Amino acid sequence: MSRPTPRMSWAVELYRRGKELELMHRALGFATLALVTLAPLLIVVAAAAPFDHGGFALWLVDGMDLSGRSADVLAQVFGPPRRAVSTTSLWGGVLLAVFGLSFAASVQNGYERVWRLSSGPWHRIWRQAVWLCVLTLYLYVQVQTRTVLAGNERLLMSLGIGVLFFWWGPHFLLGGQVRRRLLLPGAVATMAGLVGLRAFSYLVFTPLIVTQALSYGAIGTILVVESWLVGAGYVVYGGALVGHLICDRTGHLLAHEEPPEEQPRTGGGQRAD
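Residues numbered from 1 in each chain as written. Predicted model: local features only at pLDDT ≥ 70, side-chain atom pairs only at ≥ 80, totals over all residues. Heavy atoms only, no water.

### What to know about the confidence of the model for the protein
Summary statistics for the protein give a mean pLDDT of 79 and a share of 77% for residues scoring 70 or more. This model gives residues 255–270 a pLDDT under 50, and the stretch forms 24 contacts once residues within four places in sequence are excluded. (pLDDT = per-residue confidence, 0-100. Contact = heavy atoms within 4.5 Å.)

What follows is the structure in C-alpha cells.
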C-alpha cells in the first residue's frame, strides 16, 4: 500500500478528529441554541440599543451577506425590533440571560473537547456571562461599521476584530489553560471559514430565502437561517480544531492525550504549551 501524501494525511487526521469531536452534532446543537436562546437575547439588545439600524435582522443580513429582496424578507420575519423591549418582562429577561448562558456553556464545552481538557468547575459561569456580553458587543460593532466604513477598509477592520475575538474567546472560556500563541492559528482559521461561509451564503442563501419564503412563508426563511447557523457552528468548532491540528503537527504542543475512560481525570486539566 502506498504511503499517503502529507496533504492527504492532514485531511485524514482532521476528519478523524472531527469525527471524535462529533463536529456535525455540535454544529447542529450550536445552531439550535443560537436560534432558540441567543437570537431572542440579541433581539432584545438590538431593540434597546440607542441606534436604530435594523436591529437583529440587519445582523443576520450582514452576516449572511444578503441584499435586495432576500434582505427584505429576512427583515420582515425578525422585525420590527422596537416591540421587543416593551413586551419583555423582568422574568422573561432573566430567562433570556439563563438561556444565553447555556449557549456559552455549549461553546466552552466544545473548546474543552478540542483541546482535550476536563470540564471547568461550575463557578466559572462568570466567564460564560462575560463571554456572552463580549459576543453581543462584537456582533453589534461588526454591524455598526457599515455606517462608517465600506469596501476594503471595512473588510480589514472586520477581519481584525474577528480574529481578536476568536483568539481571546477560547483563552478566556478555558481559564487560560491554553496559551494564547497556540490559539492564534485557530482564530485565523475560524475567520477564514466565516469568510468562506459568507461567500457561500451570498451565492446560495440569497436566492434560497426568497424561494423558501414564497413556498413556506416565515418558517421557510427560518429554516434557511437555521442552515446558515449550522454552518457557522461548523466553522467555529472546525476552526478551533484546525488550529489545534496545526499546533500539534508543528510540534508546539506537549503530549496531553485524554486519559482512559476507566481512570477519570481528577485535576483541572493539563496545560498546553
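### Let's talk about helix 4 (residues 68–77)
It helps to recall that an α-helix has 3.6 residues per turn; residues three or four apart then point in one direction. Of all the residues in helix 4, the buried ones are Ser-70, Ala-71, Val-73 and Leu-74. Projection of helix 4 onto a plane perpendicular to its axis shows the buried side chains occupying an angular sector of 160°, all on one side. Exposed residues pointing more than 90 degrees away from the buried face of helix 4 are listed as Arg-69 and Gln-76. (Buried < 20%, exposed > 50% of the residue type's maximum accessible area, 1.4 Å probe, protein only. Helix = DSSP H or I, 4+ residues; strand = E, 2+ residues; numbered from the N terminus. Arc of directions from axis to C-beta.)

### Observations concerning the packing of helix 4 against helix 10 (residues 218–249)
Here helix 4 crosses helix 10 at 105°, and the two axes come no closer than 10 Å. Between helix 4 and helix 10, the crossing angle belongs to the class labelled roughly perpendicular. Counting all contacts with helix 4, which are made through Val-73, Leu-74 and Val-77, the residues of helix 10 involved are Ala-218, Thr-221, Ile-222 and Val-225. The class makeup of the residues in the contact of helix 4 with helix 10 is six nonpolar, one polar and no charged. (Axes fitted to C-alpha atoms, helices over the stretch in contact; angles between N-to-C directions. Parallel < 35°, antiparallel > 145°, perpendicular 65-115°, else oblique. Nonpolar A, V, L, I, M, F, W, Y, C, P; charged D, E, K, R; others polar.)

### Focus on the environment of Gln-212
Position of Gln-212 relative to the elements: it lies in helix 9 (residues 180–216). For the pair Gln-212 and Val-224, spaced twelve residues apart in sequence, the C-alpha to C-alpha distance is 7.8 Å. Not counting residues up to four positions away in its chain, the partners in contact with Gln-212 are Gly-217, Gly-220, Thr-221 and Val-224.

### Some points on a nonpolar patch on the surface
Residues Phe-200, Tyr-202, Leu-203, Val-204 and Leu-208 make up a contiguous nonpolar surface patch of roughly 470 Å² in combined accessible area. With respect to the helices and strands, Leu-208 occurs in helix 9. The class for Leu-208 is partly exposed, based on a relative accessible area of 31%. (Patch = residues over 30% accessible without salt bridge, like charges linked within 9 Å, V, L, I, M, F, W, Y side chains within 5 Å. Areas by Shrake-Rupley, 256 points an atom, 1.4 Å probe, with all protein chains shown as cover. Salt bridge = Lys/Arg side-chain N within 4 Å of Asp/Glu carboxyl O.)

### Considering the environment of Val-188
Following the sequence through the fold, Val-188 ends up in helix 9. The class for Val-188 is partly exposed, based on a relative accessible area of 43%. Taking the C-alpha atoms as reference points, Val-188 and Gly-162, 26 residues apart in sequence, are found 8.6 Å from one another.

### Some details on unusual backbone geometry
For Glu-22, which is not glycine, the phi torsion reads 55° and is therefore positive. Position of Glu-22 among the secondary structure elements: in the loop between helix 1 (6–21) and helix 2 (23–48). The class of Glu-22 is partly exposed, set by a relative accessible area of 44%. Phi at Asp-65 is positive, roughly 55°, even though this residue is not glycine. The residue Asp-65 is located in the loop between helix 3 (55–64) and helix 4 in this model. Given a relative accessible area of 24%, Asp-65 falls into the partly exposed group.

### Quick notes on the packing of aromatic side chains
Under the defined criterion, the tally for this structure stands at eleven aromatic pairs. Summarising the aromatic geometry, the rings of Tyr-138 and Phe-165 are spaced 4.7 Å apart at their centres and angled 0° between planes, so their arrangement reads as stacked. One end of the pair, Tyr-138, is in helix 7 (residues 125–144); the other, Phe-165, is in helix 8 (residues 151–173), and 27 residues separate them in sequence. Exposure class is identical for Tyr-138 and Phe-165. Each is buried. A centroid spacing of 6.2 Å and a plane angle of 45° characterise the contact between Phe-165 and Trp-168, whose relative ring orientation is tilted. In this pair, Phe-165 and Trp-168 both sit in helix 8, three residues apart, roughly one turn of the helix. Assessed through its relative accessible area of 6%, Phe-165 is described here as buried. A relative accessible area of 29% means that Trp-168 is categorised as partly exposed. One Lys or Arg, Arg-127, reaches over the ring of Phe-172 and ends 4.9 Å from the middle of that ring. (Phe/Tyr/Trp six-rings, centres within 6.5 Å; stacked < 30°, edge-to-face > 60°. Lys NZ or Arg CZ within 6 Å of the ring centre and 35° of its normal.)

### Structural notes on the pattern of salt bridges
Counting across every chain of the model gives five salt bridges. Of the charged contacts, one joins Arg-17 and Glu-13 as a salt bridge, the two residues approaching to 2.7 Å between their closest N and O atoms. Here Glu-13 and Arg-17 lie together in helix 1, a separation of four residues that amounts to about one turn. Judged by relative accessible area, Arg-17 falls into the buried class, the value being 6%. Taking relative accessible area as the criterion, Glu-13 reaches 16% and is therefore assigned buried. Of the charged contacts, one joins Asp-248 and Arg-17 as a salt bridge, the two residues approaching to 2.5 Å between their closest N and O atoms. Of the two residues, Asp-248 sits in helix 10 while Arg-17 sits in helix 1, which places them 231 residues apart along the sequence. Owing to a relative accessible area of 30%, Asp-248 belongs among the partly exposed residues under this scheme.

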